[in-house]
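In case you want the letters, here they are:
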Amino acid sequence: MTTRGWYKERTLTTVDTVGREVPVTTGLTRDPEGRLVAAIAISDGPTAIYRYSGDTSDRTELVTNAADTVQELRKLADIPPAQ
């Protein structure tokens, strides 16, 4: 366990929209019912649980939405696909 009380916590540093460095943390934690869940938090802000869409996909709605947003950015900014 780490400073947030999470299991398997991973933190990376990125920048916000005004250029300040912010930590983004992902990991496993417990929901209010005590179930083990995957979660994400930005800086010292609230924690968001990765919700599942109910299908058999390994990707959660949050991961799917993030991937779709990056694809939209690549298309609109004319950035070639990642290799």
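A. Quick look at the overall build of the protein chain. Scanning the protein chain from terminus to terminus reveals 1 helix and 4 strands. Looking at the 83 residues of the protein chain, the share that counts as buried comes to 14%. Relative to all contacts within the protein chain whose residues are 6 or more apart in sequence, the contacts with residues 24 or more apart total 11%. Total accessible area on the protein chain stands at roughly 6800 Å², and carbon and sulfur atoms take up 54% of it.

B. Fine view of the pairing of strand S1 (residues 7-15). Strand direction decides the pairing type here: S1 and strand S2 (residues 21-30), joined by 7 bridges, are antiparallel. Within S2, the residue paired with Leu-12 across the bridge is Val-24. Between S1 and S2, which pair antiparallel one after the other, the connecting turn spans 5 residues, and Gly-19 there sits at a positive phi close to 95°.

C. Structural detail: the environment of Thr-60. Along the polypeptide, Thr-60 turns up in the loop between strand S4 (47-49) and helix H1 (61-76). For Thr-60, a relative accessible area of 4% corresponds to the buried category. Considering only alpha carbons, one finds Thr-60 and Tyr-50, 10 residues apart in sequence, at a separation of 6.2 Å. Excluding residues that lie within four positions of it along the chain, Thr-60 makes contacts with Tyr-50, Arg-51 and Tyr-52.

D. Structural view of H1. Taking 1.5 Å as the rise per residue, H1 with 16 residues should run 22 Å; its terminal C-alpha atoms sit 22 Å apart, in good agreement. Downstream of H1 by a residue or two, Asp-78 has a phi angle that is positive, lying close to 55°.

E. Up close: the side chain of Thr-25. Relative to the helices and strands, Thr-25 resides in strand S2. A relative accessible area of 5% means that Thr-25 is categorised as buried. Within polar-contact distance, the side chain of Thr-25 engages the side chain of Thr-11 at 3.0 Å. For Thr-25, the contacting residues outside a window of four places in its chain are Arg-4, Trp-6, Glu-9, Arg-10, Thr-11, Ala-39, Ile-40 and Ala-41.

What counts and how
- Residues numbered from 1 in each chain as written.
- Predicted model: local features only at pLDDT ≥ 70, side-chain atom pairs only at ≥ 80, totals over all residues.
- Heavy atoms only, no water.
- Helix = DSSP H or I, 4+ residues; strand = E, 2+ residues; numbered from the N terminus.
- Buried < 20%, exposed > 50% of the residue type's maximum accessible area, 1.4 Å probe, protein only.
- Contact = heavy atoms within 4.5 Å.
- Areas by Shrake-Rupley, 256 points an atom, 1.4 Å probe, with all protein chains shown as cover.
- Pairing = 2+ DSSP bridges.
- Expected span 1.5 Å × (residues − 1).
- Polar contact = N/O pair within 3.5 Å; in protein donor to acceptor, adjacent residues only side chain to side chain.

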